[in-house]
Amino acid sequence: MKKFSALLVILLVATIITGPACAQEEDVLIFATGTDDLITLDPGWAYESTNLTIHHAAYDTLLNVSTDDLSKIVPNIAKGYEMSEDGLVYTFTLREGLEFASGNPITAEDVRFSWTRLINLKGNPSFYADPIAAIEVVDDLTVEVTLKEPFPAFPAVTTTPAMSILDSAVVIEHGGTDAEDAAETDTAKDWLDQNSAGSGPFILTGWVPNAEVTLVRNDNYWGKPPAFARVIIRDVNDANTALQQLERGDIDITDFTDPDLIAQILANPDLEVAIGQSLNLNYLAMSPAPSPGAEGSEPWIAPLWEKKVRQAIAYSIDYTGILDGLLQGYADRPAAMLPLGVQGSDPSARYERDVEKAKALLAEAGYPDGFGGLVLSIGTGAPGGVPNETIAAKIVADLAEVGIQVTVEQQPTSNFLTAYRAQELQFLFAGWTPDYLDATMWSDYFSYPDAGPAYRIQLDSETIADLATQAAFETDPDTRTELYTQYQNAHVDEAVFVPVIQAQSVYAMRTEITGFAYNPVYFIDFYSITRAGE
Amino acid sequence: MSETSLSTTPIDENIRPRSGEWRRSLRIHVRKYPIFWIGVIILAVWVLVVLFAPQIAPYDPLEQSLSDRLEPPSALHPFGTDELGRDIFSRVVYGAQISLPTSFIVVIVSVLVGSALGAVSGFMGGFVGGVIMRVADVTLAFPSIVLALAISAFLGPSLTNAAIAACIVVWPSYARLMRSQVMVVRSFDYVTAARSIGAPEGQILVRHVLPNSWTPIIVTAALDVGNIILLVSALSFLGLGVAPPTPEWGAMISLGRTKFYQWWLATFPGLAILTVIFGSNLLSEGLREWLDPTI
Amino acid sequence: MLLGISLGLFVIYNIVQVDPLVMIVGERAMNNPQIVEAAIEKWGLDRPIWEQYLTYVTNLVRGDFGRSFLTRRPVTEDLALYLPATVELAITSLLFATLVGIPLGIVGGIRPGSLLDRLAWSLSLLLASLPPFWSGLVVLFVFYYHLGVAPGPGRLDPRMTSPPQVTGLFTLDALLAGDTAACASALHHLMLPTVILGGFTMALVLRVTRASIIEEMRKEYIRTARSKGLSERAVVVQHALRNVLIPLVTILGLAFAGLLGGAVMTETIFDWPGLGQYLVRASSNLDYPAIQGGTLLIAAIYILVNMTVDILYGILDPRVRHE
């Protein structure tokens with residue numbers, strides 16, 4: 001007995017130390033990313049980031065954004081659409097003979113159900129459907145959508161994963177409803193958190209929060225069958241562990257990178273890097289107001305209300321050092337809050353570092369020796385893999401060179417956003433991520449004194465607001481581009497929002513992974529990926 | 001207690017001058033309590049680093065130079081440079097100016113507040129005493145890092161708030177120690193006698209309680225110097241401590257950890273934390289050996 | 001007692017006055033008054049503060065910690081999901097601490113001052129001095145990344161799917177599911193975090209064992225036993241060890257509760273989906289119900305373990321009962 005237990009202990013210790021012999025079964029793709037943003041996987045409720053990738057894999061939208069040209073909208077389960085003369089009515093025609101993973105046919109009724117449910121859930125992503133006034137099923141394959149007012153960006157909006165088409169029969173079976181009071185009566189969320197009811201190439205089969213999301217191949221998919229039998233999305237905390245796991249071959253692909261590690265990844269013959277042009281912007285915001293928004297607030301110390309001071313700050317930042325040094329060139333920046341690649345964005349107008357000019361502007365504004373008392377507020381985050389703390393330290397050093405003394409105040413992002421929203425911040429570094437790819441995704445939020453970051457920073461410029469409105473509702477593409485460029489230049493002059501980083505999305509993967517294509521909305525398309533050399 | 005161990009050693013008093021006598025007893029003391037002395041030396045070195053940081057550090061810890069970023073350790077930069085080209089050696093040295101004084105202040109405040117409250121609770125008993133001990137018990141029911149995390153999350157990240165969180169976490173152990181000492185001393189006959197002739201409570205405290213209770217308190221305090229450095233750097237590591245660009249060890253490890261090819265970024269601040277905690281552990285163990293030979 | 005701390009946290013929370021709305025609704029949907037209104041009503045944010053607290057406490061008594069702002073799920077459900085991972089790690093850490101700490105403590109206690117004693121003692125002290133958020137990085141880098149002898153972060157081989165949840169302890173669940181490979185992988189993945197988390201406790205156990213063995217060995221009955229010609233081993237095992245158990249049980253009980261909380265840093269480094277990581281995320285997002293729920297749960301476990309220890313103490317040491 002004694003010998004037996006001793007043997008057992010030795011065996012146990014041996015397994016603990018050497019680990020199991022892992023049997024290689026079916027082909028599984030492992031994608032490591034941060035899944036801690038996931039709250040729900042019900043497309044009607046989810047409004048985070050990782051869910052977009054999952055929803056794109058498990059559901060279909062009527063239209064898609066072309067992977068080759070992001071400004072082009074291409075057919076998906078809808079063959080196409082027609083817009084009425086007045087721009088109010090869109091008619092979508094579905095492809096014939098398509099089925100959901102369940103085997104149910106995809107019909108116009110499913111489109112109506114999905115979007116009506118989205119509207120009536122009154123969840124965080126419901127605002128995508130705000131422009132819709134009415135949805136009418138014409139026949140099995142035709143659906144007519146009437147808008148409240150002309151909205152040229154509508155086709156682009158339909159490509160966002162929240163507007164996915166759900167299998168109405170399955171959703172209703174699990175407690176879903178599109179009724180007016182769906183916000184209270186719809187109970188499908190719990191089921192949709194763990195399963196999917198879509199027609200995408202993969203089927204969601206499980207989600208363990210903070211650990212993993214599992215997708216399996218949809219054998220009923222209407223396109224060619226996906227290459228992988230299973231896709232596992234693994235939760236990882238940071239680039240450190242993700243890249244170590246990648247190098248050891250424990251995972252296949254990750255979006256966690258640190259710009260300084262990319263050179264090492266490239267030096268490893270087993271690994272390669274894919275670059276995606278992301279439209280995420282990280283910007284400095286400088287309030288043109290003399291004091292916080294709340295009435296009776298003490299005025300701020302630093303004179304950012306002087307336009308020349310704001311311009312001086314914009315001229316002091318060492319953009320090249322940040323982009324080429326800290327981000328190792330894996331980033332670029334536009335002139336204003338219209339990312340490169342978006343209609344009307346023109347980088348030639350952007351600020352470049354010019355210390356002399358900055359000092360001259362400060363002198364003109366009456367501060368030849370600079371000033372102190374400026375607080376730079378930041379949240380948590382790491383644009384392009386460089387932590388906010390590091391970027392803030394760089395900005396502090398850059399501004400010190402022109403005589404502006406800055407202290408950094410870092411807060412958890414939720415506090416930071418609370419303060420920002422309450423118009424309490426004078427000088428801050430924050431980010432903006434798009435949900436769809438129309439220029440209104442930026443101009444709606446950075447222009448009007450009563451909406452979005454423009455409200456929070458107390459920007460009140462008639463020129464900017466007017467140009468934003470004109471451009472948004474302009475239907476002629478060339479005139480629209482022209483208007484957006486004017487809009488951008490007005491922003492440059494005002495120097496309230498100064499974009500610093502438009503980081504590229506860097507994906508590191510094993511060399512045998514092929515067919516990766518980045519998309520700025522849903523990021524990664526598991527369907528297009530295959531493993532070579534099997 | 002210490003005097004006995006020193007004076008029992010034979011001293012050749014006729015030849016040696018008094019300073020030699022002192023040196024010799026010191027040598028014997030060192031030989032008898034090496035752990036204590038290793039701890040003292042490690043911490044003394046760090047205290048010197050704190051005092052002479054500007055003389056020791058070859059560079060300004062905030063000075064950036066992007067052209068020299070991520071340089072490996074060399075004669076020019078003994079610990080290498082970080083992602084902004086700052087000298088890591090200088091940052092580690094200046095980091096001591098953040099961590100050590102914070103830790104000392106927290107320990108001193110906690111010892112004063114904790115033992116005062118403990119003494120009050122012990123002497124007064126009743127409702128107030130009960131409430132104080134209840135609060136102390138509640139606080140002790142939480143693992144320190146969890147409570148500190150919650151407190152500094154609510155207060156917002158800053159060095160001051162991290163220190164406040166550390167104080168809140170640490171004071172109850174001193175309150176308990178002091179209270180139990182007071183309870184013991186109170187039951188002594190001579191204290192009861194002193195009370196019966198109307199000696200004020202404060203006088204009893206100073207005359208009888210304090211001399212008896214400082215041993216366990218100082219042993220715990222020595223240990224807490226390291227614990228608090230660990231706590232504060234852990235909070236900074238999680239982004240709930242010191243604001244950038246202040247050189248703080250925990251924050252340096254946090255920013256350096258993704259660059260594992262540039263191992264020097266996280267290694268040296270980690271070693272700094274390790275040595276301080278090790279020194280404080282040794283000091284505490286040594287003090288216990290020396291002052292409280294019953295264990 | 002738990003009410004006291006919940007009140008304390010609630011007061012701090014309301015002094016700081018963070019608006020949970022933006023966290024609940026998301027940044028952009030804040031522009032839609034309909035969504036905002038629905039959220040305010042759903043989360044009861046329009047009611048006066050005392051009413052919110054009263055609701056909270058009433059629910060607390062019923063075992064309902066409220067809903068996490070961050071995950072939108074009931075905190076109780078979240079805790080049930082994350083606690084097992086932490087418990088599993090705490091158990092193995094405690095096992096490591098006792099299985100290594102007690103023998104080393106005995107060896108050192110029998111011959112204090114011997115080379116082995118000094119070596120074990122200083123090593124344990126060094127282990128206890130390691131900042132876990134740093135040493136975790138170091139061991140992962142050396143043993144996983146460089147040498148490849150240890151598994152990486154996480155609870156399981158990335159290519160394996162978690163076993164169906166019964167207890168939430170992966171090793172046990174995998175065995176129940178008959179999946180020995182997953183069980184072995186789970187054990188394997190426990191190795192590094194166990195050493196990092198258990199190091200401090202190991203040093204504690206070693207020191208307590210050593211000190212009590214030294215004390216016991218000086219006592220009269222040991223000398224009697226020795227003079228009767230009993231072997232050194234028999235003396236230690238039969239006599240000294242029994243009396244060492246009493247202080248050890250106390251220490252281990254407290255240590256277990258401490259390990260649950262201490263896992264915060266270890267879990268962060270090892271991507272361990274446990275209570276510690278949950279609390280870190282909740283703290284850095286000011287997810288107030290989650291912070292309070294998690295903290296209260298750990299405190300409750302601590303109190304429970306304390307009570308169990310007291311009972312055990314009474315069984316082990318009959319003298320206590322008479323007092």
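Since the model is a prediction, treat every value here as computed from it, not as a measurement.

Novice: I would appreciate a short explanation of helix α8 (residues 239–247) of chain A in the present structure.
Specialist: Residue and element names in this part refer to chain A. Where burial is concerned, most of α8 is hidden: 9 out of the 9 residues are buried. For α8, the complete set of buried residues consists of Ala-239, Asn-240, Thr-241, Ala-242, Leu-243, Gln-244, Gln-245, Leu-246 and Glu-247. Capping the start of α8 is the job of one residue whose side-chain oxygen sits 3.1 Å from the backbone nitrogen of Asn-240: Asp-238. Gly-249 sits one or two positions beyond α8 and adopts a positive phi of about 80 degrees.

Novice: Explanation requested: the pattern of salt bridges in the structure shown.
Specialist: Oppositely charged side chains can pair when the atoms bearing their charge come close. All chains considered together, the criterion is met by 37 salt bridges over all chains. Here A:Arg480 and A:Asp438 are joined by a salt bridge, their closest N and O atoms 2.9 Å apart. Pair noted here: A:Arg480 is in helix α18 (residues 477–494) and A:Asp438 is in the loop between β17 (427–432) and α15 (440–443), with a separation of 42 residues, a long-range link. For the pair A:Arg480 and A:Asp438, a shared accessibility class is recorded, and that class is buried. For A:Glu512, the salt bridge is made with A:Arg531, and the minimal N-O distance between the two is 3.9 Å. One end of the pair, A:Glu512, is in the loop between β19 (505–510) and β20 (513–514); the other, A:Arg531, is in strand β23 (residues 530–531), and 19 residues separate them in sequence. Where salt bridges share partners, they join A:Asp27, A:Asp252, A:Arg510, A:Glu512, A:Arg531 and C:Arg159 into one cluster.

Novice: Explanation requested: the interface of chain B and chain C in the structure shown.
Specialist: Between chain B and chain C, the residue contacts involve 36 residues of the former and 39 residues of the latter. The junction of chain B with chain C conceals about 3,500 Å² of combined surface from both sides, 83% of it contributed by carbon and sulfur atoms. Of all residues in chain B, B:Phe142, B:Phe154 and B:Leu274 bury the most surface against chain C, accounting for 20% of the area lost on that side. Where chain B meets chain C, there are 1 salt bridge. With its nearest N and O atoms 2.6 Å apart, the salt bridge here joins B:Glu285 to C:Arg207. One can count 4 residue pairs in polar contact (both at pLDDT 80 or more) joining chain B with chain C. Those elements that place two or more of their residues in the side of chain B that touches chain C are α6 (126–140), α7 (144–155), α10 (201–237), α11 (249–256) and α12 (264–291) of chain B.

Novice: I would appreciate a short explanation of α7(B) in the present structure.
Specialist: Since the α-helix advances by 3.6 residues per turn, residues separated by three or four positions end up pointing in the same direction. All names here are of chain B. Here α7 is 12 residues long and its end C-alpha atoms lie 16 Å apart, about the 16 Å a rise of 1.5 Å per residue gives. With 10 of its 12 residues buried, α7 lies for the most part within the structure. Of the positions making up α7, those classed as buried are Ile-145, Val-146, Leu-147, Ala-148, Leu-149, Ala-150, Ile-151, Ser-152, Ala-153 and Phe-154.

Novice: Hey, could you run me through the confidence of the model for chain C in this one?
Specialist: Low pLDDT means the predicted atomic positions in that stretch should not be read closely. Taken as a whole, chain C shows an average pLDDT of 79; of its residues, 79% reach a score of 70 or greater. In the model of chain C, helix α14 (residues 318–322) of chain C stands out as the element of lowest mean pLDDT, 51, in contrast to helix α7 (residues 132–146) of chain C, which has the highest, 92.

Novice: Help me understand unusual backbone geometry in this model?
Specialist: Keep in mind that most residues, glycine aside, have a negative phi and that most peptide bonds are trans. In the segment running from B:Pro244 into B:Pro245, the intervening peptide bond is cis, with an omega of 5 degrees. In this structure, A:Lys122 takes a positive phi of about 50 degrees despite not being glycine. Looking at where A:Lys122 falls in the secondary structure, it is placed in the loop between α3 (108–121) and β6 (132–139). Judged by its relative accessible area of 26%, A:Lys122 falls in the partly exposed class. The backbone of C:Asp271 sits at a positive phi, close to 50 degrees, despite the residue not being glycine. Tracing the backbone shows C:Asp271 in the loop between α11 (232–269) and α12 (275–284). Assessed through its relative accessible area of 7%, C:Asp271 is described here as buried.

Novice: I'm lost on the sheet that holds strand β4 (residues 78–83) of chain A in this one. Help?
Specialist: Residues and elements named next belong to chain A. Ordered by their spatial adjacency, 4 strands build an open sheet running β4-β5-β7-β6, and the pairing between neighbours is antiparallel. The sheet is open, and its two edges are formed by β4 and β6, each paired on a single side. Across the sheet, the axes of successive neighbouring strands diverge by a mean angle of 20 degrees, strand direction being ignored. On the sheet, α3 packs against β5 (89–94), β6 and β7 (142–147) and is oriented at approximately 160 degrees with respect to β6.

Novice: How do you make sense of the domain arrangement of chain A when you look at a structure like this?
Specialist: By convention, interface size is frequently given as the accessible area that disappears when the constituent parts associate. All names here are of chain A. Under the domain assignment used here, chain A contains domain 1 (20–231 + 511–531) and domain 2 (281–504). Its C-alpha centre places domain 1 at a distance of 34 Å from the equivalent point of domain 2. In this complex, domain 1 contributes 15 residues to the contact, which on the side of domain 2 involves 10 residues. A buried area of about 1,000 Å², summed over both sides, lies between domain 1 and domain 2, and 71% of it is on carbon and sulfur atoms. At the boundary of domain 1 with domain 2, the tally comes to 0 salt bridges. Counting the contacts that link domain 1 with domain 2 gives 0 residue pairs in polar contact (both at pLDDT 80 or more). Of the residues in the side of domain 1 that touches domain 2, the class split is 13 nonpolar, 1 polar and 1 charged.

Parameters at a glance
- Residues numbered from 1 in each chain as written.
- Chains lettered and ligands numbered in written order.
- Predicted model: local features only at pLDDT ≥ 70, side-chain atom pairs only at ≥ 80, totals over all residues.
- Heavy atoms only, no water.
- Buried < 20%, exposed > 50% of the residue type's maximum accessible area, 1.4 Å probe, protein only.
- Helix = DSSP H or I, 4+ residues; strand = E, 2+ residues; numbered from the N terminus.
- Polar contact = N/O pair within 3.5 Å; in protein donor to acceptor, adjacent residues only side chain to side chain.
- Salt bridge = Lys/Arg side-chain N within 4 Å of Asp/Glu carboxyl O.
- Contact = heavy atoms within 4.5 Å.
- Buried area = accessible area lost by both parts, 1.4 Å probe.
- Expected span 1.5 Å × (residues − 1).
- pLDDT = per-residue confidence, 0-100.
- Pairing = 2+ DSSP bridges.
- Axes fitted to C-alpha atoms, helices over the stretch in contact; angles between N-to-C directions.
- Domains from an automatic or database assignment.
- Nonpolar A, V, L, I, M, F, W, Y, C, P; charged D, E, K, R; others polar.

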